[in-house]
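Observations on the model geometry
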Amino acid sequence: MMGNEQLEELRKQLDEVNDQLLELITKRAEIAQEVGRVKAAQGLNRFDPVRERTMLDKLTEKNAGPFETSTVQHIFKEIFKASLELQEDDHSKALLVSRKKKQEDTIVEVRGERIGDGQQRIIAGPCSVESQEQVDEVAAALKKQGIKLMRGGAFKPRTSPYDFQGLGMEGLEILKRAADKYDLAVISEIVTPHDVEKAVDYLDVIQIGARNMQNFELLKAAGKVNKPILLKRGLSATIKEFINAAEYIHSQGNGQVILCERGIRTYETATRNTLDISAVPILKQETHLPVLVDVTHSTGRRDLLLPTAKAAFAVGADGVMTEVHPDPAVALSDSAQQMDIPQFAEFLENLKQSGLYKQGEPVK
Ligand SMILES: [Mn+2]
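This structure is a prediction, so every number in the text was calculated from the model and none was measured.

Here we come to the domain arrangement of the protein. A common measure of how large an interface is: the accessible area buried when the components associate. By the assigned domains, the protein splits into domain 1 (2–94) and domain 2 (108–354). Taking the mean C-alpha position of each, domain 1 and domain 2 sit 47 Å from one another.

Have a look at this one:
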């Protein structure tokens, strides 16, 4: 009986020490956060390895057992790491694109279309701009379907330098003529910072492609113009890297950013990329920006365009992007996955029938 009472008493003491330890590490965390704020104000790095070494050396000196020095160091390393992570949380709270910074959804206005307003949209057009006739034919088909947003590549960053590189500025001119003729908004990719300012006169939305997601000079240039930016997720970018790339644009003053999930590289070879469908709700939770899904480049397969578009709308994407070409068989790029015009009409009809596509008022 005496043994049991003694055990109870010791356990009580342990509980008390636990409480004290918790109080102390909480107090330590508060001081560390304050240190983080002071460092941020001075523009200093949060992690200081020299300072951490000094703290560990002092603890080693004082340690009289029974714990091994390596054990004491391990425990304190964990405490240091947790404090640093706390400071990082504070930092992400401060990201301009984050939901923590701004609760309400950002709506990006593009020629009267309000992307991110709760309605869901289709953005379609040829992979590459090849001729005025080709673009006009697609533009007329989009117009007929009540679609207002057209994509088309003029500058094409391709895997091989021998693949079609696009028509460049001439491609932008073709897009602009089609946009004016059919009253559409046009989206096209720009690949170098000095073209960003020129593109403003031709495009309604400037796209930054997957291969340039971390081209920081291009992101900064995009942040300095008053034009919506469509930012695609990098080939192997984590969601955190993607969000930070958007922050680069926003931090330069341009808050009109639209995110686009376009598949990531995995070991899977059945599809061109692996569509990370869960990225859509994560991006919607973590940021206040509109989120699109590019079903063409994420799958690289025409037979998967409809099911992945349904999935995208079901998880709350603000829009789906896909490629349409008058004659995909002769297309200069991505011929395997572009739809022709009748296939596109069928794709839209199926989406409408599915009930997953939340369309708004018909476009005037
Ligand atoms: Mn393409």
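Now that the structure is up, let's keep going.
This paragraph deals with the packing of helix α7 (residues 216–223) against helix α8 (residues 239–251). Two numbers describe a pair of packed helices, the interaxial angle and the distance between the axes. Running from N to C, α7 and α8 cross one another at 45°; their axes reach a closest spacing of 6 Å. The angle between α7 and α8 falls in the class oblique. Relative to α8, the crossing made by α7 is right-handed. The residues of α8 that touch α7, namely those facing F216, L219, K220, A222 and G223, are A245, Y248, I249, H250 and S251.

Formed by 78 residues in total, the largest nonpolar core has its most connected members in L175, L231, A246, I258, L259, L292 and V320. Looking at which element gives the most residues to this core, the answer is α8, with six residues.

Listed in full, the buried residues belonging to helix α11 (residues 305–314) are L305, T308, A309, A312 and F313. In an axial view of α11, the angular spread of the buried residues amounts to 140°, which keeps them on one side of the axis. In this fold, the buried residues of α11 make contact with α9 (279–286), β9 (291–294), α10 (295–299), β10 (319–323) and α12 (341–354). Within two residues after α11, G316 carries a phi angle of roughly 100°, on the positive side.

On to the sheet that holds strand β3 (residues 121–125), then. Strand order in the closed barrel formed by eight strands is β3-β4-β5-β6-β7-β8-β9-β10, with parallel pairing between adjacent strands. Within this sheet the neighbouring strands show an average axis-to-axis angle of 25°, counted without direction. Bridge analysis of strand β6 (residues 205–208) against strand β7 (residues 229–232) gives three bridges, and the strand direction is parallel. Bridge assignment links I206 to a residue of β7, and that residue is I229.

This next bit is on the pairing of β10. Burial of β10 is extensive: five of the five residues sit out of reach of the surface. The alternating pattern of β10 places G319, M321 and E323 on one face and V320 and T322 on the opposite face, and all of these are buried. Sheet topology note: the β3/β10 ladder contains five bridges and is parallel. Counterpart to R121 in the pairing with β10 is G319. As defined by bridge partners, β9 adjoins β10 across three bridges and the pair is classed as parallel. Residue L292 lies in a different strand from β10, and its bridge partner there is G319.

What follows concerns unusual backbone geometry. Put simply, G65 and P66 share a cis peptide bond, and its omega is 5°. Position of P66 relative to the elements: it lies in the loop between α2 (49–62) and α3 (69–93). A positive phi is found at R111, a non-glycine position, where the angle reads about 40°. Of note in the backbone geometry, D334 takes a positive phi value of approximately 45° without being a glycine. Within the element layout of this structure, D334 appears in the loop between β10 and α12. On the neighbour-count criterion, D334 (19 C-beta atoms within 10 Å) is partly exposed.

A word on the packing of α11 against α12. Contact geometry for α11 and α12: axes closest at 10 Å, N-to-C directions at 40°. The pairing of α11 with α12 is recorded here as oblique in orientation. In the crossing of α11 with α12, the sense of the turn from one axis to the other is right-handed. Taking contact as the criterion, the partners of L305, L306, A309 and K310 in α11 are, on α12, F347, N350, L351 and S354.

Rules and cut-offs
Along each chain, the written sequence defines residue order, and numbers are assigned to residues from 1. A pLDDT threshold of at least 70 governs which residues receive local features in this predicted model, and a stricter bar of 80 or more applies before side-chain atom pairs are shown or counted, although totals over entire chains, interfaces and linings include all residues. Each domain's extent is set by a domain assignment, obtained either automatically or from a database. Structural elements are reduced to axes, namely lines fitted to C-alpha atoms, with helices fitted over the stretch in contact, and the angle between N-to-C directions of any two is expressed from 0 to 180 degrees. Strands are runs of DSSP state E lasting at least two residues, helices are runs of H or I lasting at least four, and both sets are numbered from the N terminus onward. Put simply, angles under 35 degrees are roughly parallel, angles over 145 are roughly antiparallel, angles from 65 to 115 are roughly perpendicular, and the rest are oblique. Each crossing gets its handedness from the near helix: less than a right angle anticlockwise from the far helix is left-handed, clockwise is right-handed. Whether two residues are in contact depends on their C-beta atoms, placed from the backbone: they are in contact if these lie within 7 Å. Core membership is restricted to buried Ala, Val, Leu, Ile, Met, Phe, Trp, Tyr and Cys residues, and these are joined into a nonpolar core through C-beta atoms within 7 Å. Counting other C-beta atoms within 10 Å of a residue's C-beta gives its exposure: the residue is buried at 20 or more, exposed at 12 or fewer, and partly exposed in between, where C-beta atoms are placed from the backbone. By definition, the arc is the one covered by directions from the helix axis to the C-beta atoms. Pairing between two strands requires that DSSP report at least two bridges joining them.

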